[in-house]
Structure formats: structure tokens, C-alpha cells
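Understanding the architecture of this molecule
Here is what each chain is made of, one letter per residue.
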Amino acid sequence: LKVALAAAPTSMDPHYQNLTINNSFATQVYNALVLQDVNQKLLPGLAKSWKPIDELTWEFKLRPGVKFHNGAAFTSEDVTATMKRAANVPNSPSSFATFIKGKKFEIVDDLTIRISTKKPNPFIPNDMSRIAIIDSAFVNSTTEDFNTGVASFGTGPFKFSKWVKGDRVELVRNNSYWGHQISHDKAVFKFISDPTAAFAAMMAGDIDAFPVFPAPETLSQFESDPSNFM
């Protein structure tokens, strides 16, 4: 699948910058404890369930049998390591610390985490939908390690393959994904900021889709070829 996007990510490090385009790519390679659907409804992610056990504490039961792309098993340790890293990425222009600040993370067992706060906080599940979980083995990895793929091992539907800054991101299907299996074995996202250029690339067969509506003067040409509609 070849897709053109108008905006390009600033990094492949899922904790480097809290930016929409970066976060969108992160959801392809990584999972959070809690997921969100298109209506922002909270859904089970790496946590299969969660509940408050008192006014100051939430307990998250983690999904068993999940593997990172490098084959490592997902456990509570990965959650606590991720939270430490995500709040302290060097030179981050927009930190994820806002979702972690004021929370204490306690490992109960390999598949149970408790999160406590000094004051009641009903938004903890929502906050936990914002942080991509990484393998604890790479908690000290640099942003560049994630950009090059040295540390880019998530649990998401796609595996990171390659990032050419300002040009494209290449992903391959994770055949061992715990959730819904992706139909495409590879996805390439090309960054084309000019809608006219993106339209030309689509007409030439260089891309399969782009989320920008064609200019009015080219719409009739676009509609004349049924193969342009998926």
C-alpha cells in the first residue's frame, strides 16, 4: 500500500514529540495500554482491563502472550520503563510528561500494574492511551536509535522498516500481531506537500491514496478513471 501524506513526522521515536503526525505513525508500530477508536472511545490495548481499586489507585491487567517485534515478551516491567523514558526524552520539543506527571507506577506482578496519584484522577485511562509502550531493553536508547530502527521494536500491527527523513516511511506487516491482522504486507508513506503533485503521483500509479481532495480543475480527470476509487 502506497500512501501520500502532506505532513512528515519529525522523528520515529514514539516519545520524542507529542505531535499528531508523529503519534499517528507511532500507533502503527507501537501500542498503548489503552486504545482509542475513531470516536475517542477507550478500548483495551496492551491492558485488557482496568478499574479503580480505591479513590487514588487504578489497577491495569495486562494482555498475556504479547510479543514485541524482536520476540521479547511484554510484561509490567516494560510499562514502568516506558513511563520513565517518555517523561525524560532529551531535547523533546513537546514532551509526553504531562500524561505521566504526578503518577506512581507499581508492579504487582508480570501482568498487573497499579497507578496511584495524590488526588483522585478519573482520567488515568485516557492518559494511558497517549503513551506508546516500548521494550524495556531499549529504555536508554537515543532518539536516533529509534530513527534508524536500532530500538524500534513495538507490539503494533506493523514493524518499522525504514525512515528517510522528509521523503518516506516504510513499514512491514507484523504477522504475530495480537489484534486485527492487517491485509497489506507492506505500507509505504510518501510525503508530498503539494496536492497537485500528489494527484499527479496517483494518476501515474506511484501512490494508491492520499487524504487531500483534488483541485476542482483536476476532479473530472480523476473521476473519469474508476480505478482511482478504492
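Look above for the structure.
Fair warning: this is a prediction, and the values are worked out from it, not measured in the lab.

**Thoughts on the pairing of strand S10 (residues 186-191)**
- Relative to S10, strand S1 (residues 2-5) runs parallel, the two being bridged by 4 bridges. Bridge pairing in S10 places leucine 5 opposite phenylalanine 191.
- As defined by bridge partners, strand S9 (residues 168-173) adjoins S10 across 5 bridges and the pair is classed as antiparallel. Paired with arginine 168 across the strands is lysine 190, a residue of S10.

**Describing the nonpolar core**
- Counting residues in hydrophobic clusters, the biggest one holds 23 residues, and the most contacted among them are Leu33, Phe60, Leu62, Phe74, Met83 and Met128.
- Within the residue set of this core, elements represented by two or more residues are strand S5 (57-62), helix H2 (76-86) and strand S7 (112-116).
- Once residues within four sequence positions are removed from consideration, methionine 83 is found in contact with Ile100, Phe105, Met128, Ile131 and Ile133.
- Judged by nonpolar contacts, the second largest core, of 21 residues, contains Ile21, Tyr30, Phe160 and Phe189.

**Comments concerning the sheet that holds strand S6 (residues 104-109)**
- Spatial ordering of the open sheet is given by S4-S5-S7-S6, a layout of 4 strands whose pairing is antiparallel. The open sheet has two free edges, formed respectively by strand S4 (47-54) and S6, since each of these has just one partner strand. Put simply, the sheet's adjacent strands are angled 25° from each other on average, direction ignored.
- With 5 bridges connecting them, S6 and S7 associate as antiparallel partners. Bridge assignment links isoleucine 107 to a residue of S7, and that residue is isoleucine 113.
- Packing of H2 onto the sheet brings it into contact with S5, S6 and S7, and relative to S6 it is tilted by some 170°.

**Quick word on empty space enclosed by the protein**
- The tally for this structure, following the rule as stated, stands at 3 cavities of 30 Å³ or more.
- Along the walls of the largest cavity sit Ser11, Met12, Asp13, Pro14, Asn22, Phe25, Ala26, Val29, Tyr30, Ser152 and Phe160, which together make up its complete lining.
- No other element matches the 4 residues that helix H1 (residues 20-29) contributes to the lining of the largest cavity.
- Considering only residue class, the lining of the largest cavity consists of 7 nonpolar, 3 polar and 1 charged.

**Quick look at the sheet that holds strand S8 (residues 158-164)**
- The strand order across the open sheet built from 4 strands is S1-S10-S9-S8, with neighbouring strands paired in mixed fashion. Each edge of the open sheet is held by one strand with a lone partner, namely S1 and S8. The mean inter-strand angle of the sheet, taken between neighbouring strand axes irrespective of direction, is 20°.

**Some words on the pattern of salt bridges**
- Enumeration over the complete set of coordinates arrives at 7 salt bridges.
- Here aspartate 13 ties to arginine 85 by a salt bridge, and the two come within 2.8 Å at their closest N and O atoms. Note that aspartate 13 is positioned in the loop between S1 and H1 and arginine 85 in helix H2, a separation of 72 residues in sequence.
- The class for aspartate 13 is buried, based on a relative accessible area of 2%.
- The exposure class of arginine 85 is buried, given its relative accessible area of 7%.
- Among the ionic contacts, a cluster of salt bridges with common partners joins Asp167, Arg168, Glu170, Lys186 and Lys190.

Criteria and cut-off values
Residues numbered from 1 in each chain as written. Predicted model: local features only at pLDDT ≥ 70, side-chain atom pairs only at ≥ 80, totals over all residues. Heavy atoms only, no water. Pairing = 2+ DSSP bridges. Helix = DSSP H or I, 4+ residues; strand = E, 2+ residues; numbered from the N terminus. Core = buried A, V, L, I, M, F, W, Y, C linked by side-chain atoms within 4.5 Å. Buried < 20%, exposed > 50% of the residue type's maximum accessible area, 1.4 Å probe, protein only. Contact = heavy atoms within 4.5 Å. Axes fitted to C-alpha atoms, helices over the stretch in contact; angles between N-to-C directions. 1 Å grid on protein atoms, 1.4 Å probe; cavity = no way out; pocket = protein on both sides within 12 Å on 5 of 7 lines; lining within 4 Å. Points joined across faces, edges and corners; volume = space filled by probe spheres on them. Nonpolar A, V, L, I, M, F, W, Y, C, P; charged D, E, K, R; others polar. Salt bridge = Lys/Arg side-chain N within 4 Å of Asp/Glu carboxyl O.

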